[in-house]
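# Observations on the model geometry
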Amino acid sequence: MQALRALAALMVVVHHAQNEAAILAVRAGTDFVPRHGLPWPAGVDIFFVISGFIIVHAAGPLFGRPGARGRFLAHRIARLVPLYWLVTGLYLALGLAMPALLSGEGGPPDLARTLASFLFWPMARADGAVLPLYGLGWTLNYEMAFYALFTLGLGLTRRGAVAWLVGALGLVVLAGRLIPAPPVPLAFWSDPIVLEFALGAGLALLRAEGLRLHGAVQVGLAAAGLFGLATAPAEPALRLLAWGLPAALLVAAAVLGRDRPEAARGGWAARFLGAAERLGDASYALYLLHPLVLRAVREGLVRSGLAPLLGPWPSLVLMVVLTLPVALLAHRLVERPLTRLVRRRLEPARPAEAADRAATPGR
């Protein structure tokens, strides 16, 4: 699963790196033709299916338990909010210092859109695009809405919660189609892409019910998923079918297999998967920080005069490679400490912990 997260993040990085390479080529006076071996933006769709799976799978001890909603929200807020707020604040500061960074948005953001960006509320900017201040945050606006719906179902059993989630997401999508001129938040949240969370939730339920696939079936699902993505259009009419279903096949291949015995976890394959797992752990930092790294490296290549010497494709490889250590360091030195800090502040105390605090002087 973590290796798949790493793949999804790298797909998004390559997508944006090709945009930066195209800009670099224009400024260096060279040609650049993007490659579309995979629909690189579909990394987001893989993330959404993974998110649907992870949330239902990890919430196993919480279903139907007292205090489950508060504990779940504390975990999710601690996981997503601190680094996103930090990056958004950095982007805002850079934009105010260098307004050209925000020129593509039709002008500087007003207070309302700035607040909406920090609160994960969809709001149209000056040019009509429904994007937060830091553009990558559009995916987190979907994630937070998904968490809110899932929280409501935590009082049920796992089966009941998944049924509630699938039904609620379906109704939201339907409402967006039936209501004439829906308000911006509903129009945004009712995109069929939200059903990718339901696909992941369904896979988590299948695993919890004991479904395990033979290794050959897993390989077949993974091959079908990659083939589906490789043959999908670059701009599909219905993203859920063109990218979401192949993404679900990849996730199914990763999560519905049998656990490997310890003796089978050595060798080069284990080392490769270990490296992929570490990058998967840092995938959130990689996703959020890579545009800043790509742009910084691009500007460094242009201003140093190295861009014409390297050419666009070696420059692209260099840009992508340099995002990795930045993400790994940010995950270890910034993201993890912030997550622990916020989680300690927000997570409700368990009954035994609360009694211990009440009985301990000075606490």
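In this text the structure is predicted, and so the values were computed from the model without any measurement. One numbering rule holds for all chains: residues counted from 1, following each sequence as written. Totals for whole chains, interfaces and linings use all residues, but because this is a predicted model, local features are given only for residues with pLDDT of at least 70 and pairs of side-chain atoms are given and counted only at 80 or more. For side-chain calculations, the full set of non-hydrogen atoms in the structure is used, while hydrogens and water are omitted.

### Some remarks on the overall build of the chain
Which entries qualify depends on this criterion: In this text, helices come from DSSP runs of H or I with a minimum length of four residues, and strands from runs of E with a minimum of two, each type numbered from the N-terminal end. Radius of gyration means the value over C-alpha atoms here, while the globule rule gives 2.2 Å times the residue count to the 0.38 power. Burial classes follow relative accessibility: with a 1.4 Å probe on protein chains only, a residue under 20% of its type's maximum area counts as buried, one over 50% as exposed, and anything between as partly exposed. Contacts between residues were defined by any pair of non-hydrogen atoms, one from each residue, lying within 4.5 Å. Only the protein chains shown count as covering a residue, and every accessible area follows the Shrake-Rupley method with a 1.4 Å probe.
Secondary structure assignment for the chain yields 15 helices and zero strands. In terms of overall size, the chain behaves like a compact globule, its C-alpha atoms giving a radius of gyration of 22 Å where 363 residues would be expected to give roughly 21 Å. Taking the principal axes of the C-alpha coordinates as reference, the chain spans close to 65 × 55 × 55 Å. Across the 363 residues of the chain, 44% fall into the buried class. Residue pairs at least 24 apart in sequence account for 76% of intrachain contacts in the chain once pairs closer than 6 positions are excluded. Split by element, the accessible area of the chain, about 18000 Å² in all, is 68% carbon and sulfur.

### A few points about helix H10 (residues 239–255)
Quick reminder of the rule: In this scheme, a helix's expected span is set at 1.5 Å multiplied by one less than its residue total.
A rise of 1.5 Å per residue sets the reference length of H10, with its 17 residues, at 24 Å; its end C-alpha atoms lie 23 Å apart and thus fit the reference within 8%. Inspection of H10 places Leu240, Ala242, Trp243, Gly244, Pro246, Ala247, Ala248, Leu250, Val251, Ala252, Ala253 and Val255 among the buried residues, and these make up the whole buried set. Buried positions along H10 lie against helix H1 (2–28), helix H2 (43–58), helix H8 (195–208) and helix H9 (215–230).

### Quick notes on H9
Applied cut-off: Directions pointing from the helix axis toward each C-beta atom define the arc.
The end-to-end C-alpha separation of H9 is 22 Å, in line with the 22 Å expected for 16 residues at 1.5 Å each. When H9 is considered as a whole, its buried residues turn out to be Gln218, Gly225, Gly228 and Leu229. Down the axis of H9, the buried side of the element spans an arc of 95°, and every buried residue falls inside it. The exposed residues of H9 that point more than 90 degrees off its buried face are Ala216, Val219 and Phe227. If you follow the buried residues of H9, they end up packed against H2 and H10.

### So, the pattern of salt bridges
Here is the rule we go by: Here, a salt bridge means any side-chain nitrogen of Lys or Arg that lies within 4 Å of a carboxyl oxygen of Asp or Glu.
Evaluation of the coordinates by the stated rule reveals nine salt bridges. Among the ionic pairs, Glu20 bridges to Arg298, the shortest N-O distance being 2.5 Å. With Glu20 in helix H1 and Arg298 in helix H12 (residues 283–304), this pair connects stretches of sequence that are 278 residues apart. Of the two residues examined, Glu20 and Arg298, each falls in the buried class. With a shortest N-O distance of 3.8 Å, Arg343 and Glu347 are connected by a salt bridge. With a relative accessible area of 35%, Arg343 lands in the partly exposed category. Linked by salt bridges that have partners in common, Glu20, Arg27, Arg298, Glu299 and Arg303 make up one network.

### Quick look at unusual backbone geometry
In the Ramachandran plot, Phe120 falls in the positive-phi region, its phi being about 60° despite a non-glycine side chain. Along the chain, Phe120 falls in the loop between helix H4 (111–118) and helix H5 (138–152). The backbone of Ala181 sits at a positive phi, close to 45°, despite the residue not being glycine. Examined against the element boundaries, Ala181 turns out to sit in the loop between helix H6 (158–178) and helix H7 (184–189). Residue classification places Ala181 among the exposed residues on the basis of a relative accessible area of 74%.

### Here's the deal with the packing of H9 against H10
Defined as follows: Lines fitted to the C-alpha atoms define the axes, with helices restricted to the stretch that makes contact. Angles between their N-to-C directions range from 0 to 180 degrees. Any angle from 65 to 115 degrees is called roughly perpendicular, while one under 35 is roughly parallel, one over 145 is roughly antiparallel, and all others are oblique. Each crossing gets its handedness from the near helix: less than a right angle anticlockwise from the far helix is left-handed, clockwise is right-handed. Following the grouping adopted for this structure description, the nonpolar residues are Ala, Val, Leu, Ile, Met, Phe, Trp, Tyr, Cys and Pro, the charged ones are Asp, Glu, Lys and Arg, and the polar ones are all others, Gly among them.
Contact geometry for H9 and H10: axes closest at 8 Å, N-to-C directions at 155°. With respect to each other, H9 and H10 are oriented roughly antiparallel. For H9 against H10, the interelement crossing comes out left-handed. In this structure, H9 uses Gln218, Leu221, Ala222, Ala224, Gly225, Leu226, Gly228 and Leu229 to contact H10, whose residues at the interface are Ala242, Trp243, Pro246, Leu249, Leu250, Ala252 and Ala253. Each residue belonging to the contact of H9 with H10 can be placed in one class, and the counts come to 12 nonpolar, three polar and no charged.

### Topic: a positive patch on the surface
Inclusion rule: Patch definition: residues above 30% relative accessible area lacking any salt bridge, with like charges linked at up to 9 Å and the nonpolar side chains Val, Leu, Ile, Met, Phe, Trp and Tyr linked at up to 5 Å. Counted charges follow a simple rule, with Lys and Arg positive, Asp and Glu negative, and His plus the chain ends left uncounted. Charged groups are reduced to one reference atom each: NZ for lysine, CZ for arginine, CG for aspartic acid, CD for glutamic acid.
A contiguous patch of positive charge, built from Arg332, Arg336, Arg340, Arg344 and Arg345, is present on the exposed surface. Assessed through its relative accessible area of 40%, Arg336 is described here as partly exposed.

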